[in-house]
Amino acid sequence: MRIVLGVGGGIAAYKVASLLRLFTEAGHDVTVIPTEAATRFVGVATWEALSGHPVSNSVFDEVHTVNHVRLGHEAELIVVAPATADLLARAASGQANDLLTNTLLMAGGPVLMAPAMHTEMWQHAATQANVETLRSRGVTVLEPASGRLTGADSGPGRLPEPEAIFAAALALAGGAEVPDSPDTPVPGASSQSGAPLAGAAGPLSGLTVTISAGGTREPLDPVRYLGNRSSGKQGVALAAAARDAGARVRLLAAHMDVQAPAGVDVVRVETALELREAALHAAADSDVVIMAAAVADFRPADVSGTKIKKRDDGADPVISLVRNPDILRELVEIRDAAARNQLIVGFAAETGDADGDVLEYAQAKLRRKACDLLVVNQVGKDQVFGQDSNSVVILARSGSEPQEASGSKSDVAAAVIDRVSAELSRAVPPA
Ligand code: C5P
């Protein structure tokens, strides 16, 4: 993909060198356009060497190629990081006083801006109004992260981590709606607590694990939905096990019959589409993603705004369904496109039939979904769903021997989390 990476004049410009690397290593063609001020923080030579392209911030270079028009026109994605208060203001007011702002006015594809500045500047009414203006025009402006700023001060204003910007950028280019911040509640969802809690010491300490749990509900009308029998017990047990292993845990909770465990950050979702949005968002800075939720494969094509009534003529209503996106598959695609070091685990609730047994179907699913581990259980009316015990087989994409685990759902969760830790310790860290 052809990307323009605009760099604003803030100290966080140095972090954008890593972002550039993530893009180029994933095979994208990146042209860097720093502002004049940005070149005081990171020199043009660095951007040229890392991007493999000449770098300029003047509209008077390469005039014969009509650079100030061509770059924005050809870019399939424009990412601006750090977006300083000045750059946000210039972009919001439509100024075209350097190559980057010209390019932004010519943007043909999606634009993602990742602000970074001091808290007071970010919270200033002028900056907030500029952000509002840009968002109303369809620009995705991420919320800055909170934490230590340039000096001894801290608060909202930090540039989000390069990996998080990278994942958000790819999701945006892929057509996903990218929420402004990992800490922003996903539309239609509610967060039970604030930021994820830091984990205790353990094999997953320092890592962020996102787990989906429960069953999605797909509305038909204001009172009815299509749902499934998932209780959320296995997902909740996994969240508790990951927390006990030291991870910061985000639980993406669809409908559950059980309480979320203490010490994990909970994002409530209802439908598959809400879960997708929450999952893409959470995955951006997760080391491990476990999709234990029972996601509806289909949703009603139309949701009636009023309760569907019995008709006087006796005709029965017909419900048409449309396919929901396969979230697990999408997470794997984004991870692979980004060449990220992220472990993705799927669940498969299978039943055997005359054409094949549970494991055969599960192996085929593992190939289709291309996740790293697939936890397989056999379901029937009274088996697994809602029960307190479970019996699973863990299949690995690496082809290693299937591993069995059974007992309470907590026992099974502990076995899955042990396996996740083992896989992570085997993984080679990126160069
Ligand atoms: O295809 P199937 O529904 O059997 O796959 C189960 C796995 O895929 C689970 O990990 C589930 O959370 C995930 N899934 C998904 N998006 C869907 C359907 C299932 O992520 N639309």
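Residues numbered from 1 in each chain as written. Predicted model: local features only at pLDDT ≥ 70, side-chain atom pairs only at ≥ 80, totals over all residues. Heavy atoms only, no water.

1. Some remarks on the overall build of the protein chain
Part 1 of the argument: Assigned secondary structure in the protein chain consists of 13 helices and 20 strands.
Part 2 of the argument: Here the C-alpha atoms of the protein chain give a radius of gyration of 24 Å, agreeing with the 22 Å that 2.2 N^0.38 yields for 431 residues.
Part 3 of the argument: A total of 431 residues make up the protein chain; the buried ones form 49% of that total.
Part 4 of the argument: Of the contacts formed within the protein chain by residues at least 6 apart in sequence, a portion of 70% connects residues at least 24 apart.
Part 5 of the argument: Counting only carbon and sulfur atoms, one obtains 51% of the accessible surface of the protein chain, whose full area is about 19,800 Å².
Part 6 of the argument: Each charge sign in the protein chain was given a centre, from 37 positive and 51 negative side chains, and these centres are 3 Å apart. (Helix = DSSP H or I, 4+ residues; strand = E, 2+ residues; numbered from the N terminus. Rg over C-alpha atoms; globule rule 2.2 N^0.38 Å. Buried < 20%, exposed > 50% of the residue type's maximum accessible area, 1.4 Å probe, protein only. Contact = heavy atoms within 4.5 Å. Areas by Shrake-Rupley, 256 points an atom, 1.4 Å probe, with all protein chains shown as cover. Lys, Arg positive; Asp, Glu negative; His and termini not counted. Charge placed at Lys NZ, Arg CZ, Asp CG, Glu CD.)

2. Regarding the site of the ligand
Part 1 of the argument: Near the ligand you find M291, A293, V295, D297, P325, D326, I327, L328, G346, F347, K365 and K369, and these make up its full shell.
Part 2 of the argument: Interatomic distance of 2.7 Å between a backbone N/O atom of A293 and an oxygen atom of the ligand.
Part 3 of the argument: Considered on its own, the ligand offers 440 Å² of accessible surface; in the complex 88% of this is hidden by protein.
Part 4 of the argument: Those elements that provide at least two residues to the shell around the ligand are α11 (327-337), β17 (343-350) and α12 (358-369).
Part 5 of the argument: Residue composition of the shell around the ligand, grouped by class: 7 nonpolar, 1 polar and 4 charged. (Near = heavy atom within 4 Å. Polar contact = N/O pair within 3.5 Å; in protein donor to acceptor, adjacent residues only side chain to side chain. Nonpolar A, V, L, I, M, F, W, Y, C, P; charged D, E, K, R; others polar.)

3. Here's the deal with the sheet that holds strand β1 (residues 2-7)
Part 1 of the argument: Spatial ordering of the open sheet is given by β2-β1-β3-β4-β5, a layout of 5 strands whose pairing is parallel. Of all strands in the sheet, those with a lone pairing partner are β2 (29-34) and β5 (140-141), marking the two edges.
Part 2 of the argument: As paired strands, β1 and strand β3 (residues 77-83) are joined by 4 bridges and run parallel to one another. Paired with V4 across the strands is I78, a residue of β3. (Pairing = 2+ DSSP bridges.)

4. Observations concerning the pattern of salt bridges
Pairs can form between side chains of opposite charge whenever their charged atoms are close.
Part 1 of the argument: Using the criterion set out here, one finds 20 salt bridges in the structure.
Part 2 of the argument: One salt bridge in this structure joins R90 and D98, with 3.1 Å as the shortest N-O distance. Both residues of the pair, R90 and D98, belong to the buried class.
Part 3 of the argument: A salt bridge links R135 to E143; its shortest N-O distance comes to 3.0 Å.
Part 4 of the argument: Judged by its relative accessible area of 25%, E143 is partly exposed.
Part 5 of the argument: Shared partners join several salt bridges into a network, and the residues in it are R2, R70 and E74. (Salt bridge = Lys/Arg side-chain N within 4 Å of Asp/Glu carboxyl O.)

5. Some points on unusual backbone geometry
Part 1 of the argument: Cis peptide bonds are those with omega within 30 degrees of zero, and the linkage from A81 to P82 qualifies with -10°.
Part 2 of the argument: Along the polypeptide, P82 turns up in strand β3.
Part 3 of the argument: Unlike most non-glycine residues, A339 shows phi in positive territory, near 50°.
Part 4 of the argument: On the accessibility criterion, A339 (58% relative accessible area) is exposed.
Part 5 of the argument: Its identity is not glycine, yet A370 carries a phi of approximately 60°, on the positive side.
Part 6 of the argument: In this structure A370 comes out as buried when scored by relative accessible area, which is 8%.

6. Things to note about the domain arrangement of the protein chain
Part 1 of the argument: As far as domains go, the protein chain holds domain 1 (2-173) and domain 2 (187-427).
Part 2 of the argument: One C-alpha centre belongs to domain 1, the other to domain 2, and the line joining them spans 35 Å.
Part 3 of the argument: The partner domain 2 presents 5 residues to the 7 residues of domain 1 that form the contact.
Part 4 of the argument: In total, domain 1 and domain 2 occlude about 570 Å² of area from one another, counting both sides; carbon and sulfur atoms represent 78% of this.
Part 5 of the argument: On inspection of domain 1 and its partner domain 2, the count reaches 0 salt bridges.
Part 6 of the argument: The interface formed by domain 1 and domain 2 holds 0 residue pairs in polar contact (both at pLDDT 80 or more) in total.
Part 7 of the argument: A class-by-class count of the residues in the side of domain 1 that touches domain 2 yields 6 nonpolar, no polar and 1 charged. (Domains from an automatic or database assignment. Buried area = accessible area lost by both parts, 1.4 Å probe.)

7. Describing the side chain of E218
Part 1 of the argument: Relative to the helices and strands, E218 is located in strand β10 (residues 218-219).
Part 2 of the argument: It turns out E218 is buried and unbridged, and the closest side chain with the opposite charge, R299, is 5.6 Å from it.

8. Brief notes about the packing of helix α1 (residues 13-25) against helix α2 (residues 44-51)
The angle between the axes and the distance between the axes are what describe a pair of packed helices.
Part 1 of the argument: Running from N to C, α1 and α2 point in directions that differ by 15°, and their axes come no closer than 10 Å. The orientation of α1 with respect to α2, classified from their angle, is roughly parallel. In this structure, α1 meets α2 at a crossing whose hand is right-handed. Contacts from A13, V16, A17, L20, R21 and T24 of α1 reach α2 at W47, L50 and S51.
Part 2 of the argument: Residues that form the contact of α1 with α2 fall into these classes: 6 nonpolar, 2 polar and 1 charged. (Axes fitted to C-alpha atoms, helices over the stretch in contact; angles between N-to-C directions. Parallel < 35°, antiparallel > 145°, perpendicular 65-115°, else oblique. Left-handed = near helix turned anticlockwise from the far one by under 90°.)

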